[in-house]
There are 2 protein chains.
Amino acid sequence: MYRIGIDLGGTNIAVGLVNDETFEIVKKKSTPTLAERDGMEIVEDMARLCREICDEVGVNVKDLAGVGVASPGIVNPTTGIIKRASNLRFFYFPITEILADKLGAKHVPVYAENDANAAAWGEACAGAAKGSSTSATVTLGTGVGSGIIIHGKILSGSNYAEGELGHMVIEFGGIPCTCGRRGCWESYSSATALVRMTNEKIEECKAAGRYTSMLNAPRVSGRTACDHMRAGDEAAKEVYDKYIAYLACGINNIINIFQPEVIAIGGGISGEGQSLIDSLMPIVDANMYCGEKARTRLKIATLGNDAGIIGAAMLESGLRGEA
Amino acid sequence: MYRIGIDLGGTNIAVGLVNDETFEIVKKKSTPTLAERDGMEIVEDMARLCREICDEVGVNVKDLAGVGVASPGIVNPTTGIIKRASNLRFFYFPITEILADKLGAKHVPVYAENDANAAAWGEACAGAAKGSSTSATVTLGTGVGSGIIIHGKILSGSNYAEGELGHMVIEFGGIPCTCGRRGCWESYSSATALVRMTNEKIEECKAAGRYTSMLNAPRVSGRTACDHMRAGDEAAKEVYDKYIAYLACGINNIINIFQPEVIAIGGGISGEGQSLIDSLMPIVDANMYCGEKARTRLKIATLGNDAGIIGAAMLESGLRGEA
């Protein structure tokens, strides 16, 4: 059977037709979100892309097994209402009801979820966490995003804003976070945090008259410390080790709290690949509860930007959970 | 219908007959655990107390709707095997199978769970978290224990040692914890931690020649700082405020991770009652995600030592979850 997953981003709307047995994206299309326009127009574009894709593949919209939307912000998956998505100016926006009407296929169920949760569900269905019942997907980008799957079901808290692992404090009274707290994991383990640590080290080296090859970096990014560390720079290695120590701290917390079978790591920093996992594992093992070794497998997320589409397409089972 | 809950502790085995509609403990008996003896003898005593209670109340053991055991350590609730309970020297001990045989009532199902999880389930069924679907129970005693209920189901990780909220790091590189990590919440929010903070403040006052009424305390306990703070002592208030700040930090983490409807606080420190909640709430609200107010209700746990018995008796539904 075919299902459609829609990844609604601040910049683009990406729509994919997914084979729900192989999880393959058969056909994918996207269009700019143009976030400032009216929500009805955004949903109209979603419906149009759904129809176009179905036409081109030769599937009747009425024969779809389901349609799912991955949205930023706070989404109530039970009612299909986006309670708040600031970038899109959605406020109590009943997206599934509107999309269902615009699709005009009344027997096709339409679902919605938060985008980080949908991406975690995508990784659980078809990516790094495939085959696991309980998993967490952590995205290391501008912030630290997260989605948690427990017994084959997406974890939703009482107000649908749960799973904010990035906003668990790991350093009491630490660096101020955009969320209002101090010392959040996000402030130490996002790509943004790695850039900050790199810049701090460069300034520290300048002030101390210490040479580091990072002084020659044309522009500091999340890769600067990693690249220069691998080329043998000591100061870069200090930045990388510090970053990895904080990242491992949050990962150990997740393991102690959830004992997931798999933690999948996505986002820009995950481009470091297996070497990131290899750096983390000795620290994660050394900090496990009561001298145990971690039974949770750390993996690099495999679906990239497709995780949201696949997770959204497969929402029906992710909202229901295991039988 | 009647069910039996057994709270297996390091010191005592407490057995209660529970009405599974009212959650009332109809009859309760206990016997010393004598933890050093053979496990078969411990289970024999459990079965004996079950029979005695049933006889005295006039219920046939064969008519029980179920029996549940709350055990310390790592318990696999699916197989009913205690994988490890160090104090009891249990190692892969199939407690439900043995207890079922000793009860000789083969149609009565026997369940087992970790004691903190069973207590959290008890509070969810009949105590502070009654009526909620998602809740956490945090016990502030020698350590910080915790159990998490999600959608009416006890949270079990892949190796049945999940929900160790006490061992989430909230102070990177902080105080060494018995678990091997540094900066665990338990090291700042247990009764043990409050005693440590109180002793530190007394020493600090002595060294600085500063008066505090706590100097006259015959023995420092978890109540010393609270009592002297209420009597107007400034140094005691400093200890209390510091303790509350760390406690609130962990609670905000739980809210950001799970968004439970209720967090129930039990253990020795919860004897402070509503004033503890009143101290926590302004800090919890001020640290909520993006300036929100906490929608999670903080409550003092209401069942005390009976939580384990009631939770154990009701395990069947807690392991299954909501329909």
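Bear in mind that the values here come from a model prediction, so they are computed numbers and not experimental data. (Residues numbered from 1 in each chain as written. Chains lettered and ligands numbered in written order. Predicted model: local features only at pLDDT ≥ 70, side-chain atom pairs only at ≥ 80, totals over all residues. Heavy atoms only, no water.)

Here we look at the sheet that holds strand β6 (residues 81–85) of chain B
Residues and elements named next belong to chain B.
- Spatially, three strands are ordered β5-β6-β7 in an open sheet, and the strand pairing comes out antiparallel. In this open sheet, the two strands that pair with only one neighbour each are β5 (74–76) and β7 (90–93). Mean inter-strand twist for the sheet, computed between neighbouring axes without regard to direction, equals 15°.
- Relative to β7, β6 is paired through three bridges, and the arrangement is antiparallel. Directly across from Arg 84, in β7, lies its bridge partner Phe 91. (Pairing = 2+ DSSP bridges. Helix = DSSP H or I, 4+ residues; strand = E, 2+ residues; numbered from the N terminus. Axes fitted to C-alpha atoms, helices over the stretch in contact; angles between N-to-C directions.)

As for the sheet that holds strand β13 (residues 297–300) of chain B
Residue and element names in this part refer to chain B.
- Spatially, the five strands line up as an open sheet ordered β11-β10-β9-β12-β13, and their pairing is mixed. The sheet is open, and its two borders are formed by β11 (153–154) and β13, each paired with just one other strand.
- Its contacts with the sheet put helix α8 (residues 274–286) on β12 (262–266) and β13, and the angle it makes with β13 is roughly 160°. (Contact = heavy atoms within 4.5 Å.)

Concerning the interface of chain A and chain B
- Contacts between chain A and chain B engage 42 residues on the former and 42 residues on the latter.
- Here chain A meets chain B over a buried area of about 3800 Å², counting both sides, of which 53% is carbon and sulfur.
- Summed over the shared surface of chain A and chain B, the number is zero salt bridges.
- Here chain A is connected to chain B by 12 residue pairs in polar contact (both at pLDDT 80 or more).
- Per-element tally for the side of chain A that touches chain B: the top contributor is helix α7 (residues 234–258) of chain A, with eight residues. (Buried area = accessible area lost by both parts, 1.4 Å probe. Salt bridge = Lys/Arg side-chain N within 4 Å of Asp/Glu carboxyl O. Polar contact = N/O pair within 3.5 Å; in protein donor to acceptor, adjacent residues only side chain to side chain.)

What about the relation of the copies chain A and chain B?
- Here chain A sits on chain B after a turn of 180° about the axis and a move of 0.0 Å along it, with an RMSD of 0.0 Å. The symmetry that links the two subunits is that of a two-fold axis.
- By residue overlap, the copies meet face to face through one surface: 100% of the interface positions of chain A are interface positions in chain B. (Least-squares fit on C-alpha atoms with pLDDT ≥ 70 in both.)

With respect to helix α5 (residues 191–208) of chain B
All names here are of chain B.
- Here α5 spans 26 Å end to end across 18 residues, near enough to the 26 Å set by a 1.5 Å rise per residue.
- All of the buried residues along α5 are Ala 191, Ala 193, Leu 194, Met 197, Thr 198, Lys 201, Ile 202 and Cys 205.
- Looking at the buried side of α5, the elements it contacts are β9 (135–140), α4 (186–189), α6 (224–230) and α7 (234–258).
- Just downstream of α5, Gly 209 is the residue with a positive phi angle, here 65°. (Expected span 1.5 Å × (residues − 1). Buried < 20%, exposed > 50% of the residue type's maximum accessible area, 1.4 Å probe, protein only.)

A closer look at the packing of α5 of chain B against α7 of chain B
Residues and elements named next belong to chain B.
- Closest axis-to-axis distance for the α5/α7 pair is 10 Å, and the angle between their directions is 145°. You can see that α5 and α7 cross each other, and the crossing is right-handed. Seen from α5, the contacting residues are Leu 194, Met 197, Thr 198, Glu 200, Lys 201 and Cys 205; seen from α7, they are Ala 235, Glu 238, Val 239, Lys 242, Tyr 243 and Tyr 246. (Left-handed = near helix turned anticlockwise from the far one by under 90°.)

Remarks on the packing of aromatic side chains
- With the rule as written, the count across this model stands at nine aromatic pairs over all chains.
- Consider the rings of Tyr 246 of chain A and Phe 172 of chain B, whose centres lie 3.9 Å apart with planes at 25°: the pair is stacked. Taken together, the residues span two chains, with Tyr 246 of chain A in helix α7 and Phe 172 of chain B in the loop between β11 and α4.
- Classification of Tyr 246 of chain A by relative accessible area gives buried; the value is 8%.
- Its relative accessible area of 25% is what places Phe 172 of chain B among the partly exposed residues.
- Taken together, a centroid distance of 5.2 Å and an interplanar angle of 50° make the contact between Phe 258 of chain A and Phe 258 of chain B tilted. In this pair, Phe 258 of chain A sits in helix α7 while Phe 258 of chain B sits in helix α7, so the two residues belong to two different chains.
- Using a relative accessible area of 1% as the deciding quantity, one classes Phe 258 of chain A as buried.
- Here the aromatic cluster, defined as three or more aromatic residues joined through ring pairs, consists of Phe 172 of chain A together with Tyr 188 and Tyr 246 of chain B.
- Between the NZ or CZ atom of Arg 196 of chain A and the centre of the ring of Tyr 188 of chain A, over which it lies, the distance is 5.9 Å. (Phe/Tyr/Trp six-rings, centres within 6.5 Å; stacked < 30°, edge-to-face > 60°. Lys NZ or Arg CZ within 6 Å of the ring centre and 35° of its normal.)

As for unusual backbone geometry
Residues and elements named next belong to chain A.
- For Leu 34, which is not a glycine, the phi torsion comes out positive at approximately 50°.
- By the element assignment, Leu 34 lies in the loop between β3 (25–32) and α1 (39–57).
- On the basis of relative accessible area, Leu 34 is assigned to the partly exposed category, the value being 44%.
- Of note, Arg 89 is a non-glycine position whose phi angle comes to about 55°, a positive value.
- Following the sequence through the fold, Arg 89 ends up in the loop between β6 (81–85) and β7 (90–93).
- Residue class for Arg 89 comes out exposed when judged on its relative accessible area of 59%.

Points about the domain arrangement of chain A
All names here are of chain A.
- Along its sequence, chain A is organised into domain 1 (2–124 + 306–320) and domain 2 (132–300).
- Spacing between the C-alpha centres of domain 1 and domain 2 amounts to 30 Å.
- With 18 residues of domain 1 at the interface, the matching set in domain 2 holds 15 residues.
- The contact between domain 1 and domain 2 buries some 1200 Å² in all, and 60% of this surface belongs to carbon and sulfur atoms.
- Contact with domain 2 buries area across many residues of domain 1, yet Asn 117, Ala 120 and Trp 121 alone supply 32% of it, more than any other trio.
- Applying the counting criterion to the domain 1 and domain 2 interface returns zero salt bridges.
- Linking domain 1 with domain 2 are two residue pairs in polar contact (both at pLDDT 80 or more).
- Elements supplying a minimum of two residues to the side of domain 1 that touches domain 2: β5 (74–76), α3 (115–126) and α10 (315–320).
- Residue contributions to the side of domain 1 that touches domain 2 peak at six residues, all from α3. (Domains from an automatic or database assignment.)

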